[in-house]
Amino acid sequence: MKTPELKKHLLTIAITCLSVAGWTSSAEARRGVGLGVGAGLAVPTAETPFELAPAWGFYTDIPLLNTFHITPSAIVYNLTPENGPSQSATDISLNFKFMVPLGRLDIFAGVTAGVTSTTELTPHMGGLVGASMNLVSNIDGFINVNYRYVAREQIVHDVQIFAGPLFRFTH
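Residues numbered from 1 in each chain as written. Predicted model: local features only at pLDDT ≥ 70, side-chain atom pairs only at ≥ 80, totals over all residues. Heavy atoms only, no water.

Colleague: Would you explain the pairing of strand E3 (residues 68-79) in this entry?
Modeller: As defined by bridge partners, strand E2 (residues 53-65) adjoins E3 across 7 bridges and the pair is classed as antiparallel. Each residue of the ladder has a partner; that of Tyr59, found in E3, is Ser73. Once E2 ends, the chain turns through 2 residues before running back antiparallel as E3. Bridge analysis of E3 against strand E4 (residues 87-102) gives 12 bridges, and the strand direction is antiparallel. What sits directly across from Val76, in E4, is Thr90. (Pairing = 2+ DSSP bridges. Helix = DSSP H or I, 4+ residues; strand = E, 2+ residues; numbered from the N terminus.)

Structure representation (structure tokens):
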């Protein structure tokens, strides 16, 4: 291969790589890191029945890739056995979401792990599914369903259903 042809091919490859890199970073910049707040319902179950509890929380949505986000979150609710005293509970979690982008709508599934704080700290783990939809340029609406296995002295299976807005920071 002659030197002028080699230079031409290298230039074509370089321009193609820069174009792809620019397109990828602009797509990620459009998504941006998000801050969300949600309200919903916690449905804890165990050997002893629990009452349904209102719940709320906030989270940060950090897109590492278009199809993979990490989402630290904090959720507050009450654990109230039908025959016992109520305990405030706070879940601090790190969620790993696998995204399926469908234009303005994203659906996702993932795993979650963290700690639940009541009168003691106990680990929890589980899964999540949900969807978010872009409402206006930098605001999404979302719905999310979490299942958490809370390893307390009495194992608690906790389903949490949330909906709310997510504000995205864009450049």
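Colleague: Quick question: what am I supposed to make of the environment of Ile107 here?
Modeller: Position of Ile107 relative to the elements: it lies in strand E5 (residues 105-117). According to the relative accessible area criterion, Ile107 is partly exposed, its value standing at 36%. Separated by 10 residues in the primary sequence, Ile107 and Lys97 have C-alpha atoms spaced 9.6 Å apart. (Buried < 20%, exposed > 50% of the residue type's maximum accessible area, 1.4 Å probe, protein only.)

Colleague: Would you explain the sheet that holds E4 in this entry?
Modeller: In space, the 8 strands of this closed barrel follow the order E1-E2-E3-E4-E5-E6-E7-E8, with antiparallel pairing throughout. Across the sheet, the axes of successive neighbouring strands diverge by a mean angle of 25°, strand direction being ignored. Here strand E1 (residues 34-45) runs beside strand E8 (residues 156-168); their pairing, made up of 10 bridges, is antiparallel. Considered in E8, the bridge of Thr45 is made with His157. (Axes fitted to C-alpha atoms, helices over the stretch in contact; angles between N-to-C directions.)

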